[in-house]
Structure formats: C-alpha cells, structure tokens
Amino acid sequence: MTTVTIVRSWWRLRYPAYLLGVVAGMVMMWLPVKTFNDNGAWEDRLRAEGVPVEAVIHETVHKRRISNTMHLRYQVGGASSGRRVWSCPARCWPP
C-alpha cells in the first residue's frame, strides 16, 4: 500500500466523524444568533402584551455622582420580586 492509499482509506473511515464535526460546529455558530433573535422577539412581545405592575422603590444607592442604583420591589401574580436599575439619572427618586 502506498501512502496515498493509506490516507484515502483513513479519510473514508473517518469521513462521517469529520462531517459530524463540521455540522456540530455550524450548529454551535448558529445557536447564539438564533437565541439572540428569539430573545429580541420575546422582549418585543412582552413590551406589547406584558402585564403592567406597580413597583415600589425600596432603596437608592449613591456610589458616585453618575453611578446611582435603585432597588425596586413589585408583585406579579402573588409572587414578590425585585430588580436593580443601574445608572439611573442623576436625580433618582427617593424611596
């Protein structure tokens, strides 16, 4: 057997594995783009159809002149939740 024949036989034996690797790589490159698009569509749908809630400012943290943080508390469907709002304007609302 010559070197060319050996390389060809190795290629034929491993061809399905190489093809599977290429397909897996393409899927791994495509999934973040699809996830980003799906999250954008979900955000748009929530903004259009979402449930409005009334939030209470629980705490305001002033670290620097331009870096303020507000901690909000709200209830949705009987479950209490909270959220941080980073970099609120220079005049954050008082708690």
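Residues numbered from 1 in each chain as written. Predicted model: local features only at pLDDT ≥ 70, side-chain atom pairs only at ≥ 80, totals over all residues. Heavy atoms only, no water.

J.: Any chance you could explain the overall build of the chain here in plain terms?
T.: Of the regular secondary structure elements, the chain holds one helix and three strands. The helix and strand sequence of the chain, counted from the amino end, reads α-β-β-β. With 95 residues in all, the chain has 11% of them scored as buried. (Helix = DSSP H or I, 4+ residues; strand = E, 2+ residues; numbered from the N terminus. Buried < 20%, exposed > 50% of the residue type's maximum accessible area, 1.4 Å probe, protein only.)

J.: What should I look at first to understand the confidence of the model for the chain in this one?
T.: Counting all residues, the mean pLDDT for the chain is 79, and 77% of those residues have values of 70 or more. The least confident element of the chain is strand E1 (residues 56-62), whose mean pLDDT is 77; the most confident is helix H1 (residues 3-49), at 84. (pLDDT = per-residue confidence, 0-100.)

J.: What is the right way to read the pattern of salt bridges from this model?
T.: Side chains that carry opposite charge are capable of pairing whenever their charged atoms lie near each other. A complete count under the given rule lists two salt bridges for this structure. For Asp38, the salt bridge is made with Lys34, and the minimal N-O distance between the two is 2.7 Å. Taken as a pair, Asp38 and Lys34 lie in helix H1 at a separation of four residues, close to a single helical turn. The exposure class assigned to Asp38 is partly exposed, which follows from its relative accessible area of 39%. Among the ionic pairs, Glu43 bridges to Arg47, the shortest N-O distance being 3.1 Å. Separated by four residues within a single helix, Glu43 and Arg47 lie in helix H1, roughly one turn from each other. On the accessibility criterion, Glu43 (38% relative accessible area) is partly exposed. The class for Arg47 is exposed, based on a relative accessible area of 68%. (Salt bridge = Lys/Arg side-chain N within 4 Å of Asp/Glu carboxyl O.)

J.: Looking at this structure, I do not really get the environment of Val53. What am I missing?
T.: The residue Val53 is located in the loop between H1 and E1 in this model. Those residues in contact with Val53 that sit more than four places away from it in its chain are Tyr74, Gln75 and Val76. (Contact = heavy atoms within 4.5 Å.)

J.: Just checking my understanding: could you explain a nonpolar patch on the surface for this structure?
T.: There is a patch of nonpolar side chains on the surface, built from Tyr15, Leu19, Val23, Val27, Trp30 and Leu31 and spanning about 550 Å² of accessible area. If you trace the backbone, Leu19 turns up in helix H1. Leu19 gets classed as partly exposed once you look at its relative accessible area, which sits at 44%. (Patch = residues over 30% accessible without salt bridge, like charges linked within 9 Å, V, L, I, M, F, W, Y side chains within 5 Å. Areas by Shrake-Rupley, 256 points an atom, 1.4 Å probe, with all protein chains shown as cover.)

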